[in-house]
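Residue strings, one per chain:
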Amino acid sequence: MIIDAKTIIITLVIVLGAGIYGLKFIRQFALQIAQENHDAVVAMDQQEEQQRLKKERAADAAAAAAFAKVEPILKVASIDEPTSKSPTAEESA
């Protein structure tokens, strides 16, 4: 085998072409993995958001039910309290 400039240039072109093709393949593979990962993360976020909203609605319903039980007591208590105080001996002095 004769090693001259022509052989070296052809070898470098082949190696360069293979390197570029290999890098494109690796880039495409990495992009595909990143997109799948992104889709999985978005799906998990949506699921967590749905669970959070469900818990929030349940908490709001529980709070509304608790307030519905307490509201009549609050109305009765506010009616029983006098609206104005009469001055006492301590306040007058």
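Bear in mind that the values here come from a model prediction, so they are computed numbers and not experimental data. Numbers given for residues are sequential positions, taken from 1 along each chain in its written order. Where local features are concerned, this predicted model is filtered to residues with pLDDT of at least 70; where side-chain atom pairs are given and counted, the filter is 80 or more; whole-chain, interface and lining totals use all residues. No hydrogens and no water enter the side-chain calculation; it runs on all heavy atoms of the structure.

(A) Quick look at a nonpolar patch on the surface. The patches described consist of residues with a relative accessible area above 30% and no salt bridge, like charges being joined within 9 Å and nonpolar side chains (Val, Leu, Ile, Met, Phe, Trp, Tyr) within 5 Å. Here the accessible surface of atoms and residues is derived via Shrake-Rupley with a 1.4 Å probe, and residues count as covered only by protein chains that are part of the display. The salt bridge criterion pairs a side-chain nitrogen of Lys or Arg with a carboxyl oxygen of Asp or Glu, the two atoms within 4 Å. A contiguous nonpolar surface patch, about 510 Å² in accessible area, is contributed by Tyr21, Leu23, Phe25 and Ile26. Secondary structure is summarised from DSSP: a helix means a run of H or I of at least four residues, a strand means a run of E of at least two, and numbering begins at the N terminus for each. Position of Leu23 relative to the elements: it lies in helix H1 (residues 5–80). Think of it in three bands: residues with accessible area under 20% of the maximum for their type are buried, residues over 50% are exposed, and the middle band is partly exposed, with areas taken using a 1.4 Å probe on protein chains only. Exposure remark for Leu23: the relative accessible area of 59% places this residue in the exposed category.

(B) Summary view of the pattern of salt bridges. Summed over the entire model, instances satisfying the criterion amount to 2 salt bridges. One salt bridge in this structure joins Arg52 and Glu49, with 2.6 Å as the shortest N-O distance. Of this pair, Arg52 and Glu49 both sit in helix H1, 3 residues apart, which is roughly one turn of that helix. Judged by relative accessible area, which is 41%, Arg52 ranks as partly exposed. The partner of Glu56 in a salt bridge is Arg52, and the shortest N-O contact between them spans 2.8 Å. Taken as a pair, Glu56 and Arg52 lie in helix H1 at a separation of 4 residues, close to a single helical turn. Each of Glu49, Arg52 and Glu56 takes part in one network of salt bridges that share partners.

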